[in-house]
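# Architecture at a glance
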Amino acid sequence: MASTRDRISVTGIRVRAHHGVFDFEREQGQEFVIDVTVAVDLAAAASGDELARTVHYGELAVAVAEAVERDPVDLIETVAERVAGVALGFAGVEEATVTVHKPQAPIAVPFDDVSVTIVRGRA
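Residues numbered from 1 in each chain as written. Predicted model: local features only at pLDDT ≥ 70, side-chain atom pairs only at ≥ 80, totals over all residues. Heavy atoms only, no water.

The secondary structure content of the protein chain amounts to four helices and four strands. Starting at the N terminus, the α and β elements of the protein chain follow one another as β-α-β-α-α-α-β-β. Taking the principal axes of the C-alpha coordinates as reference, the protein chain spans close to 50 × 25 × 25 Å. Residues counted as buried form 41% of the 123 residues belonging to the protein chain. Taking all contacts inside the protein chain whose residues are at least 6 apart in sequence as the whole, residues at least 24 apart take part in 61%. When the accessible surface of the protein chain is summed, it comes to about 7,000 Å², and 51% of that surface belongs to carbon and sulfur atoms. (Helix = DSSP H or I, 4+ residues; strand = E, 2+ residues; numbered from the N terminus. Buried < 20%, exposed > 50% of the residue type's maximum accessible area, 1.4 Å probe, protein only. Contact = heavy atoms within 4.5 Å. Areas by Shrake-Rupley, 256 points an atom, 1.4 Å probe, with all protein chains shown as cover.)

Given below as structure tokens:
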């Protein structure tokens, strides 16, 4: 079981995708920014200096980007759920925290960012 103190984070994964409720979002696409943190016991990897006993953050980042790029959906909540499922698919991951940022969201007032964050664990 993973120590709740051990985490690996990859932040700022930038992906161009076509998610959104509006037709123009689906047609034109926009940038989404993903932050993912996984809870995984890092003691064995650290003590043995073994990549095979941890989560390869490069592979995690690629898998997250691929999950965001595929199959457009209406809600960033759905994108976050998809990314959490991908992260939980990595061996040893007990929990995933995912934030999906949509900095170009069609909002009528000035804003810096809109995002959703979810936390999911193994069933």
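What follows is about the sheet that holds strand β3 (residues 95-101). The antiparallel open sheet is built from four strands, whose spatial order is β1-β2-β3-β4. The open sheet has two edge strands, β1 (7-17) and β4 (115-121), and neither has a second partner. Direction aside, the axes of adjacent strands within the sheet are offset by 15° on average. Pairing between strand β2 (residues 30-39) and β3: seven bridges, direction antiparallel. Following the sheet pairing, Val33 is matched in β3 by His101. (Pairing = 2+ DSSP bridges. Axes fitted to C-alpha atoms, helices over the stretch in contact; angles between N-to-C directions.)

Okay, the packing of aromatic side chains next. Evaluated as defined, the whole model comprises one aromatic pair. When the ring of Phe22 is compared with that of Phe24, the centres are 5.6 Å apart and the planes differ by 10°; the resulting orientation is stacked. The partly exposed category is assigned to Phe22, whose relative accessible area is 42%. (Phe/Tyr/Trp six-rings, centres within 6.5 Å; stacked < 30°, edge-to-face > 60°.)

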